[in-house]
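# A structural walkthrough
Residues per chain, in single letters:
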Amino acid sequence: MKAKQWIVIGVAISAVAVLTVLAVPIATRTFRTTASIGAVFQVPNPAATNTDLLAFDTFAGHDLVNLALGQALTTVQTNHVLALEINCDSTFARLVVFDTGLLSNVVDIAGSTNIYALTGQDNAAAAGPNHERFVMRMQVNTNGFVLGGFLTVSGRVYLDPTNGCPRALLVDSDRSHDRGFADAAIKNHDPDSKVKDRNITGEAHLIGVVNVIFEDGSTNVTLLPFGQLTMRRQLLP
């Protein structure tokens, strides 16, 4: 049956279920994340000081880490990497700086304010869904050289059918819609690029705006018209 036919049928059928459960902590998973994010900002025009020029750059994961830590973009990070933390019911996610020495998150770059996720179960005999697609809005926090902003992120992740938690796999078998949805596997250009990491948890793309403090001390609106994230190996259970 075509998707549009499902939508028509769905209008005529509705059901409401109300469940009362005890509030218990929801487990989370943290995944090493690579990034490539296009940025646009203004710079002074040397030929006409009363006007500005548009400048273009690309931020990798280590650039986001340095900005969040308040360090120069040329700083080579040895233990700090970009990571995405997602809880096991897909109601909250954080983009973080993860310390591989301490095995903990040290800075929350951004946190979700809303997540809308749809799951799919390819095997009827399995205990539950094995993947999902999501759209989420994230509030960028003030840390280091970053003074707030927002992100809209859309993508996909694999799920463990037994508990609903995101999980890393060795084979990426969910790529059929990547081109149409602008998702892609982003290479690791960070200092830990020599670490062999064939795992895949998911992919996502984003748009947004952040306020960035430049070297001269000025605060500048920086547009992020398009970026991509790839979630790889699991860092924390």
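You'll find the structure just up there.
Cut-offs and rules
- Residues numbered from 1 in each chain as written.
- Predicted model: local features only at pLDDT ≥ 70, side-chain atom pairs only at ≥ 80, totals over all residues.
- Heavy atoms only, no water.
- 1 Å grid on protein atoms, 1.4 Å probe; cavity = no way out; pocket = protein on both sides within 12 Å on 5 of 7 lines; lining within 4 Å.
- Points joined across faces, edges and corners; volume = space filled by probe spheres on them.
- Helix = DSSP H or I, 4+ residues; strand = E, 2+ residues; numbered from the N terminus.
- Nonpolar A, V, L, I, M, F, W, Y, C, P; charged D, E, K, R; others polar.
- Salt bridge = Lys/Arg side-chain N within 4 Å of Asp/Glu carboxyl O.
- Core = buried A, V, L, I, M, F, W, Y, C linked by side-chain atoms within 4.5 Å.
- Buried < 20%, exposed > 50% of the residue type's maximum accessible area, 1.4 Å probe, protein only.
- Contact = heavy atoms within 4.5 Å.
- Polar contact = N/O pair within 3.5 Å; in protein donor to acceptor, adjacent residues only side chain to side chain.
- Disulfide = S-S within 2.5 Å.

Quick look at empty space enclosed by the protein now. On inspection of all chains with the given rule, the structure shows 3 cavities of 30 Å³ or more. Volume-wise, the largest cavity comes out at about 180 Å³. Taken together, 14 residues line the largest cavity, and the ones lying closest to its centre are L64, I109, V140, V210 and L224. At the level of elements, helix 2 (61–69), strand 7 (146–158) and strand 8 (202–213) are the ones that each hand at least two residues to the lining of the largest cavity. Here the lining of the largest cavity is built from residues that sort into 14 nonpolar, no polar and no charged.

Our focus in this paragraph is the pattern of salt bridges. Applying the stated rule across the entire model yields 10 salt bridges. Across the pair D190 and R32 runs a salt bridge whose closest N-O atoms are separated by 2.7 Å. Here R32 lies in strand 1 (residues 28–44) and D190 lies in the loop between helix 3 (178–181) and strand 8, a separation of 158 residues in the sequence. One network of salt bridges, in which partners are shared, links R32, D190, D192, D197 and R233.

It is worth spelling out the nonpolar core at this point. Membership of the largest hydrophobic core comes to 35 residues, with the highest contact counts inside it found for I37, L151 and V153. Residues V81, A83, F98 and L235 belong to the second largest nonpolar core, which totals 5 residues.

As a further point, take unusual backbone geometry. One non-glycine residue with positive phi stands out, namely S90, at about 55°. On the secondary structure map, S90 appears in the loop between strand 3 (80–87) and strand 4 (93–99). We classify S90 as buried; its relative accessible area is 8%. At A182, a residue that is not glycine, the phi angle is positive and equals roughly 65°. Residue position: A182 is located in the loop between helix 3 and strand 8. The exposure class of A182 is partly exposed, given its relative accessible area of 27%.

A probe matching the size of a water molecule, rolled over the atoms, marks out where space remains unfilled. The space that makes up the largest pocket amounts to roughly 310 Å³. Elements that contribute at least two residues to the lining of the largest pocket include exactly strand 2 (52–60) and strand 8. Considered class by class, the residues forming the lining of the largest pocket number 9 nonpolar, 3 polar and 2 charged. Its volume calculated, the second largest pocket comes out at about 260 Å³. Residue lining of the second largest pocket: L118, T119, G120, Q121, D122, H131, E132, R133, D174, S176 and H177, and that is the complete set.

Position of L223 among the secondary structure elements: in strand 9 (residues 219–236). Using a relative accessible area of 40% as the deciding quantity, one classes L223 as partly exposed. In sequence terms L223 and F41 are 182 residues apart; their C-alpha atoms lie 6.4 Å from each other. Setting aside its immediate chain neighbours within four residues, L223 contacts G38, A39, V40, G208 and V209.

Assignment of secondary structure puts D183 in the loop between helix 3 and strand 8. Judged by its relative accessible area of 5%, D183 is buried. Polar contacts involving the side chain of D183 include one to the side chain of R133, which spans 2.7 Å. Once residues within four sequence positions are removed from consideration, D183 is found in contact with R133, S154, G155, D178, E203, A204, H205 and Q228.

Moving on, we get to the state of the cysteines. Summed over the entire model, instances satisfying the criterion amount to 1 disulfide. Sulfur-sulfur distance for the disulfide between C88 and C165 comes to 1.9 Å. Measuring handedness by torsion sign, the sulfur bridge of C88 and C165 sits at about 105° and is right-handed. Taken together, the positions of C88 in the loop between strand 3 and strand 4 and C165 in the loop between strand 7 and helix 3 put the pair 77 residues apart, joining distant regions of the chain. The same class applies to C88 as to C165, namely buried.

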